[in-house]
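The primary structure of each chain is shown beneath.
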Amino acid sequence: MARRSKEERKRQIMDEALKLFSKEGFFEVTIADIAKALGMSVGNLYNYFSSKEALAKELILYISKLLGNEIRKINLEPITTKEKIKKIVQFYFYTAKERPELIEYFLRIYLSHREVFKNGCEGMICVGPFVTEIMIFFEEGVRSGELRDQDFFSAFGLFMGYLGGMVFLMGEGMLPNDIEYYIDDISQNIYLALKQ
Amino acid sequence: MRVFWLQGVTCNGNSHSFINLSSLPTLLQSCTFVYHPLLDSLPFYEAIEADFDILVVEGGIKKGWHRGGLEFEKLFLDLANKAKRVIAVGSCAVYGGIFREYDESISGVLFEKDQKSRYFDELQSKTINIPGCPAHPEWIHYALVCYKPLLDEFYRPKEIYAYTVHAGCVRNEYFEWKVDAKSFGLKEGCLFYEQGCQAPYTHGSCNKILWNETASKTRVGTPCFGCTEPDFIQRDLFCTKTFMSIPAKMPLGVPKRAYLTLTGVAKSFRIERLSKRLIDED
């Protein structure tokens, strides 16, 4: 097997850690469990991440960049804000369905265990790439006259709180339909709530 | 050096600014004002027949407008063609300024807002622009004594206008850490986020060459109004235009993504010292 680069190996560890955290819970999974699942020694894993906290912070940054990059692509498309809303909802629900560990980590670990992230992940630091793109989405929506001007957080809370709530319901097995069933209505609701 | 100071549609602000030049007595040893509205000089009708090197224009140019029985545009062009150099002083002479907001026939020497004026081709090779409302006396002095300064796209000397008004502002720490000024007139806080300050995207050395050798707008707690730029004057000067809480205009040359990324990081920390009064009165 070809030798993996350090970056590839790091990413492999992060993907495995996300799966285990999502399945077993953050506090139940140890560095040793992650190493074992990957067939590597604990000592070697520490070459990549100095502690579980360090890994936890890298993970949220990794997810934030991944989500931010996708929303950036949508922001750069020459389409209306209404269409962008639908694309963001579609992408978010698709990710929640296909890679639930990403969104679950954000909702159930990052937002629920702030003490893990208190040093080095304060405020927007580890979620900057994602929040920046959402800010640009809103700013351009208002600038183009499609969205109503208001405080950023009142709009951000409505959009992301709504999506997070739906994914939470999906995770709890409480949605009677597949999450993608709700894309059209939810996109429409968000647009109607935020439009000029 | 012989100078003719011509006033068009103006409030006289630049004439008044100029006579605050602290080195004016020294300048007057080598510079004669053939005509100036406030300084000792020849009577107007004699002055227009006299020889001179530099024409300073203060105020906007209005066609069909008469001054002392003379058609102003013709007077301006006759004097400008006679001069070796032309200096447009103040934003009205440079871009048309505040008077142009009410009468679009009023023009600057080379520009009408950010568009070339009808005099551009004829006069661009010998004109220097010193915008400001008013222009700083030192800037006017610089233009009088500096023969061929390097100019930017609006014919402003780079030595003065390559800086932003933000450079040298004593509130820069608050800008770095995104601490807002809570109200107008406070010593603490940056005026960019709420109070309408245009310094981060306005060209000028107000915080490098101080006014009255003492202060600047932003140092005393007033937002910069962007008076050196072609889009001066705008409305709601004491209020930052935002879209969804994000400033509508970014600091000069800074992409929105870069600005928002840094802002997010800076706002994640609370710097205790910057949240207190500078001089504790308790």
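Residues numbered from 1 in each chain as written. Chains lettered and ligands numbered in written order. Predicted model: local features only at pLDDT ≥ 70, side-chain atom pairs only at ≥ 80, totals over all residues.

### Regarding the overall build of chain A
Per the secondary structure count, chain A includes 9 helices and 0 strands. Going from N to C terminus, chain A has its helices and strands arranged as α-α-α-α-α-α-α-α-α. Against the globule reference of 16 Å for 196 residues, chain A gives a C-alpha radius of gyration of 18 Å, in line with a compact fold. With the C-alpha coordinates aligned to their principal axes, the bounding extent of chain A is approximately 55 × 35 × 35 Å. For chain A, the share of sequence-separated contacts (at least 6 apart) that also reach a separation of at least 24 residues comes to 72%. (Helix = DSSP H or I, 4+ residues; strand = E, 2+ residues; numbered from the N terminus. Rg over C-alpha atoms; globule rule 2.2 N^0.38 Å. Contact = placed C-beta atoms within 7 Å.)

### A word on the nonpolar core
Grouped burial of nonpolar side chains is what soluble globular proteins tend to show. Formed by 48 residues in total, the largest nonpolar core has its most connected members in Leu59(A), Ile60(A), Val89(A), Ala96(A), Tyr105(A), Ile134(A) and Phe138(A). Elements with a minimum of two residues in this core: helix H1 (6–24), helix H4 (52–76), helix H5 (81–98), helix H6 (100–110), helix H7 (128–143), helix H8 (152–171) and helix H9 (183–194) of chain A. Lining this core are residues from two domains, each supplying at least three of them: domain 1 (1–50) and domain 2 (51–194) of chain A. Residue contacts for Tyr105(A): discarding those within four places in its chain leaves Leu18(A), Phe21(A), Ser22(A), Leu59(A), Ile63(A) and Tyr110(A). Core analysis: the second largest hydrophobic core is formed by 44 residues, Val3(B), Val57(B), Ile87(B) and Leu123(B) among them. (Core = buried A, V, L, I, M, F, W, Y, C linked by C-beta atoms within 7 Å. Buried ≥ 20, exposed ≤ 12 C-beta atoms within 10 Å, placed from the backbone. Domains from an automatic or database assignment.)

### A look at the domain arrangement of chain A
Where the parts come together, the accessible area they lose is often given as the size of the interface. Residue and element names in this part refer to chain A. Along its sequence, chain A is organised into domain 1 (1–50) and domain 2 (51–194). Taken over C-alpha atoms, the centre of domain 1 sits 26 Å from the centre of domain 2. Counting residues at the interface gives 10 residues for domain 1 and 14 residues for domain 2. The leading source of residues in the side of domain 1 that touches domain 2 is H1, at 6 residues.

### Points about the interface of chain A and chain B
The partner chain B presents 13 residues to the 18 residues of chain A that form the contact. Elements that contribute at least two residues to the side of chain A that touches chain B include exactly H7 and H8 of chain A. Considering every element that reaches the side of chain A that touches chain B, the biggest residue donor is H7(A), with 9 residues. Class assignment for the residues of the side of chain A that touches chain B results in 9 nonpolar, 4 polar and 5 charged. (Nonpolar A, V, L, I, M, F, W, Y, C, P; charged D, E, K, R; others polar.)

### So, the domain arrangement of chain B
Residue and element names in this part refer to chain B. Along its sequence, chain B is organised into domain 1 (2–157) and domain 2 (163–276). Using C-alpha coordinates to define each centre, domain 1 is positioned 30 Å away from domain 2. Each residue belonging to the side of domain 1 that touches domain 2 can be placed in one class, and the counts come to 6 nonpolar, 5 polar and 5 charged.

### Considering the confidence of the model for chain A
Taken over all residues, the pLDDT of chain A has a mean of 93, while the share at 70 or more is 98%. Looking across chain A, the model is least confident in H6(A), with a mean pLDDT of 88, and most confident in H9(A), with 98. (pLDDT = per-residue confidence, 0-100.)

### So, the environment of Lys241(B)
Residue and element names in this part refer to chain B. Among the secondary structure elements, Lys 241 is positioned in the loop between helix H10 (172–176) and strand E12 (242–243). Look at Lys 241 and you get exposed, because 12 C-beta atoms sit within 10 Å. Placed 120 residues apart in sequence, Lys 241 and Asp 121 show a C-alpha to C-alpha distance of 36 Å.

### Concerning the environment of Arg11(A)
If you trace the backbone, Arg11(A) turns up in helix H1. With 15 C-beta atoms packed within 10 Å, Arg11(A) lands in the partly exposed category.

### With respect to the sheet that holds strand E1 (residues 2–7) of chain B
All names here are of chain B. Across the sheet, which stays open at both edges, the 5 strands sit in the order E2-E1-E3-E7-E11 with parallel pairing between neighbours. Pairing within the sheet leaves two strands with one partner each, and these edge strands are strand E2 (32–35) and strand E11 (127–130). Strand-to-strand twist across the sheet, computed as the mean angle between neighbouring axes with direction ignored, equals 25°. Pairing analysis gives 3 bridges linking E1 to E2, with the strands arranged parallel. When the sheet's bridge partners are listed, Val 3 is paired in E2 with Phe 33. In the packing of helix H8 (residues 137–145) onto the sheet, contacts are made with E1, strand E3 (54–58), strand E7 (85–89) and E11, and the angle to E11 comes to roughly 170°. (Pairing = 2+ DSSP bridges. Axes fitted to C-alpha atoms, helices over the stretch in contact; angles between N-to-C directions.)

### Focus: the pairing of E7(B)
All names here are of chain B. Of all 5 residues in E7, 4 are buried; the element is thus mostly enclosed. Alignment of E3 against E7, held across 5 bridges, turns out to be parallel. Note on E7: the bridge partner recorded for Val 56 is Ile 87. Two elements, E7 and E11, share 4 bridges in a ladder whose sense is parallel. Within E11, the position partnered with Val 89 by the bridge is Ile 130.

### Side note on unusual backbone geometry
Residues and elements named next belong to chain B. Backbone torsion omega between Cys 133 and Pro 134 reads 0°, so that peptide bond is classified as cis. Within the element layout of this structure, Pro 134 appears in the loop between E11 and H8. Cis geometry is adopted by the peptide bond preceding Ile 233, which originates at Phe 232 and carries an omega value of 15°. When you line up the elements, Ile 233 lands in the loop between H10 and E12.

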